[in-house]
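Here's the letter readout for the chains.
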Amino acid sequence: MSPSGAQALAARNLDFLAAIERTIDALVSDTDLIRDIGRAYQEIQDKLTGLDTEIDADGRITGLLEKASEACVRIYRDAQRRHEAACQDPLLQPDDGVAEAYDAFMAAMHSMHDTVEVLREWIATHDAVLQPTTGNTFSSVDDLFDAMLARS
(Lines give C-alpha, C1' and ligand atoms only; values in the text may rest on other atoms or scores of the structure.)
Protein backbone atom coordinates (compact mmCIF):
# COMPACT_ATOMS: atom_id res chain seq x y z
CA MET A 1 0.00 0.00 0.00
CA SER A 2 1.27 3.43 -0.88
CA PRO A 3 1.84 6.05 1.83
CA SER A 4 -1.07 8.13 0.51
CA GLY A 5 -3.29 5.04 0.51
CA ALA A 6 -2.29 4.29 4.11
CA GLN A 7 -3.08 7.88 5.09
CA ALA A 8 -6.49 7.68 3.40
CA LEU A 9 -7.25 4.41 5.19
CA ALA A 10 -6.14 5.85 8.53
CA ALA A 11 -8.29 8.97 7.99
CA ARG A 12 -11.27 6.82 7.10
CA ASN A 13 -10.72 4.72 10.21
CA LEU A 14 -10.48 7.84 12.37
CA ASP A 15 -13.69 9.19 10.82
CA PHE A 16 -15.39 5.85 11.45
CA LEU A 17 -14.23 5.74 15.07
CA ALA A 18 -15.43 9.33 15.52
CA ALA A 19 -18.83 8.35 14.11
CA ILE A 20 -19.00 5.45 16.56
CA GLU A 21 -18.12 7.79 19.42
CA ARG A 22 -20.75 10.35 18.35
CA THR A 23 -23.38 7.62 18.08
CA ILE A 24 -22.61 6.26 21.53
CA ASP A 25 -22.50 9.75 23.06
CA ALA A 26 -25.90 10.58 21.53
CA LEU A 27 -27.40 7.32 22.76
CA VAL A 28 -26.04 7.82 26.27
CA SER A 29 -27.39 11.37 26.34
CA ASP A 30 -30.79 10.22 25.03
CA THR A 31 -30.86 7.35 27.53
CA ASP A 32 -30.20 9.74 30.41
CA LEU A 33 -32.95 12.05 29.14
CA ILE A 34 -35.45 9.18 28.84
CA ARG A 35 -34.63 8.06 32.39
CA ASP A 36 -35.17 11.62 33.66
CA ILE A 37 -38.52 11.86 31.88
CA GLY A 38 -39.56 8.50 33.33
CA ARG A 39 -38.67 9.73 36.82
CA ALA A 40 -40.73 12.87 36.20
CA TYR A 41 -43.77 10.77 35.31
CA GLN A 42 -43.27 8.79 38.50
CA GLU A 43 -43.00 12.00 40.52
CA ILE A 44 -46.27 13.20 38.99
CA GLN A 45 -48.01 10.04 40.14
CA ASP A 46 -46.46 10.34 43.60
CA LYS A 47 -47.76 13.92 43.90
CA LEU A 48 -51.24 12.93 42.70
CA THR A 49 -51.52 10.04 45.15
CA GLY A 50 -53.87 10.94 47.93
CA LEU A 51 -55.94 13.45 45.98
CA ASP A 52 -59.64 13.05 46.59
CA THR A 53 -60.72 15.00 43.52
CA GLU A 54 -61.09 13.92 39.93
CA ILE A 55 -57.91 14.45 37.93
CA ASP A 56 -58.99 13.99 34.32
CA ALA A 57 -62.69 14.74 34.00
CA ASP A 58 -62.53 15.41 30.25
CA GLY A 59 -60.08 12.58 29.44
CA ARG A 60 -57.52 14.99 28.00
CA ILE A 61 -54.68 13.87 30.27
CA THR A 62 -55.39 10.20 29.63
CA GLY A 63 -55.39 10.91 25.89
CA LEU A 64 -52.05 12.69 26.09
CA LEU A 65 -50.56 9.86 28.12
CA GLU A 66 -51.82 7.38 25.53
CA LYS A 67 -50.07 9.38 22.81
CA ALA A 68 -46.88 9.43 24.91
CA SER A 69 -47.12 5.67 25.30
CA GLU A 70 -47.57 5.20 21.56
CA ALA A 71 -44.56 7.44 20.91
CA CYS A 72 -42.50 5.27 23.26
CA VAL A 73 -43.47 2.21 21.25
CA ARG A 74 -42.53 3.87 17.94
CA ILE A 75 -39.18 5.07 19.29
CA TYR A 76 -38.47 1.65 20.81
CA ARG A 77 -39.21 -0.13 17.52
CA ASP A 78 -36.98 2.29 15.63
CA ALA A 79 -34.20 1.64 18.15
CA GLN A 80 -34.69 -2.11 17.68
CA ARG A 81 -34.15 -1.73 13.92
CA ARG A 82 -31.08 0.41 14.48
CA HIS A 83 -29.73 -2.04 17.06
CA GLU A 84 -30.19 -4.89 14.61
CA ALA A 85 -28.43 -2.90 11.88
CA ALA A 86 -25.53 -2.20 14.24
CA CYS A 87 -25.29 -5.90 15.12
CA GLN A 88 -25.27 -6.83 11.41
CA ASP A 89 -22.81 -4.13 10.34
CA PRO A 90 -19.57 -5.89 9.38
CA LEU A 91 -17.54 -2.77 10.16
CA LEU A 92 -18.63 -2.68 13.80
CA GLN A 93 -16.93 -4.87 16.35
CA PRO A 94 -18.71 -6.24 19.46
CA ASP A 95 -16.41 -4.21 21.69
CA ASP A 96 -17.25 -0.92 19.91
CA GLY A 97 -20.13 -0.47 22.34
CA VAL A 98 -22.81 0.56 19.86
CA ALA A 99 -25.02 -2.49 20.48
CA GLU A 100 -24.70 -2.05 24.25
CA ALA A 101 -25.63 1.64 23.97
CA TYR A 102 -28.75 0.67 22.02
CA ASP A 103 -29.55 -2.01 24.63
CA ALA A 104 -29.43 0.60 27.41
CA PHE A 105 -31.51 3.06 25.39
CA MET A 106 -34.16 0.44 24.64
CA ALA A 107 -34.29 -0.62 28.30
CA ALA A 108 -34.81 3.00 29.36
CA MET A 109 -37.51 3.48 26.72
CA HIS A 110 -39.26 0.28 27.79
CA SER A 111 -39.18 1.43 31.40
CA MET A 112 -40.56 4.86 30.52
CA HIS A 113 -43.36 3.26 28.50
CA ASP A 114 -44.29 1.13 31.49
CA THR A 115 -44.21 4.18 33.79
CA VAL A 116 -46.48 6.15 31.44
CA GLU A 117 -48.90 3.24 31.22
CA VAL A 118 -49.00 2.83 34.99
CA LEU A 119 -49.74 6.54 35.41
CA ARG A 120 -52.43 6.48 32.71
CA GLU A 121 -54.15 3.47 34.25
CA TRP A 122 -53.77 4.90 37.75
CA ILE A 123 -55.48 8.17 36.76
CA ALA A 124 -58.32 6.33 35.01
CA THR A 125 -58.86 4.07 38.02
CA HIS A 126 -58.57 6.95 40.48
CA ASP A 127 -61.20 8.95 38.61
CA ALA A 128 -63.48 5.94 38.15
CA VAL A 129 -63.47 5.25 41.88
CA LEU A 130 -64.57 8.84 42.53
CA GLN A 131 -67.58 8.60 40.21
CA PRO A 132 -70.89 8.58 42.05
CA THR A 133 -72.76 5.31 42.21
CA THR A 134 -76.43 4.87 41.43
CA GLY A 135 -77.07 3.09 44.70
CA ASN A 136 -78.80 0.32 42.75
CA THR A 137 -77.78 -3.29 42.86
CA PHE A 138 -78.58 -5.78 40.14
CA SER A 139 -79.16 -9.47 40.48
CA SER A 140 -78.06 -10.28 36.94
CA VAL A 141 -76.35 -8.82 33.94
CA ASP A 142 -79.69 -8.71 32.15
CA ASP A 143 -81.13 -6.52 34.92
CA LEU A 144 -78.13 -4.18 34.62
CA PHE A 145 -78.54 -3.88 30.86
CA ASP A 146 -82.29 -3.33 31.22
CA ALA A 147 -81.61 -0.48 33.66
CA MET A 148 -79.00 1.05 31.34
CA LEU A 149 -81.30 0.87 28.33
CA ALA A 150 -84.19 2.38 30.31
CA ARG A 151 -82.11 5.54 30.94
CA SER A 152 -81.30 6.06 27.25
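Let us look at the structure shown here. (Residues numbered from 1 in each chain as written. Predicted model: local features only at pLDDT ≥ 70, side-chain atom pairs only at ≥ 80, totals over all residues. Heavy atoms only, no water.)

Turning next to helix α2 (residues 60-88). Here α2 is 29 residues long and its end C-alpha atoms lie 42 Å apart, about the 42 Å a rise of 1.5 Å per residue gives. Turning to α2, its buried residues number three or more, namely Thr62, Leu65, Ala68, Ser69, Cys72, Ala79, His83 and Ala86. (Helix = DSSP H or I, 4+ residues; strand = E, 2+ residues; numbered from the N terminus. Expected span 1.5 Å × (residues − 1). Buried < 20%, exposed > 50% of the residue type's maximum accessible area, 1.4 Å probe, protein only.)

With respect to the element layout, aspartate 127 can be found in helix α3 (residues 98-130). Among buried charged residues, aspartate 127 stands out as having no salt bridge; its nearest opposite-charge side chain is arginine 120, 12 Å away. A polar side-chain atom of aspartate 127 sits 2.7 Å from the main-chain amide nitrogen of aspartate 56. Within the structure, the side chain of aspartate 127 is placed 3.1 Å from the side chain of histidine 126, a separation counted as a polar contact. With sequence-adjacent residues up to four places away left out, aspartate 127 is seen in contact with Thr53, Glu54, Ile55, Asp56 and Ala57. (Lys, Arg positive; Asp, Glu negative; His and termini not counted. Salt bridge = Lys/Arg side-chain N within 4 Å of Asp/Glu carboxyl O. Polar contact = N/O pair within 3.5 Å; in protein donor to acceptor, adjacent residues only side chain to side chain. Contact = heavy atoms within 4.5 Å.)

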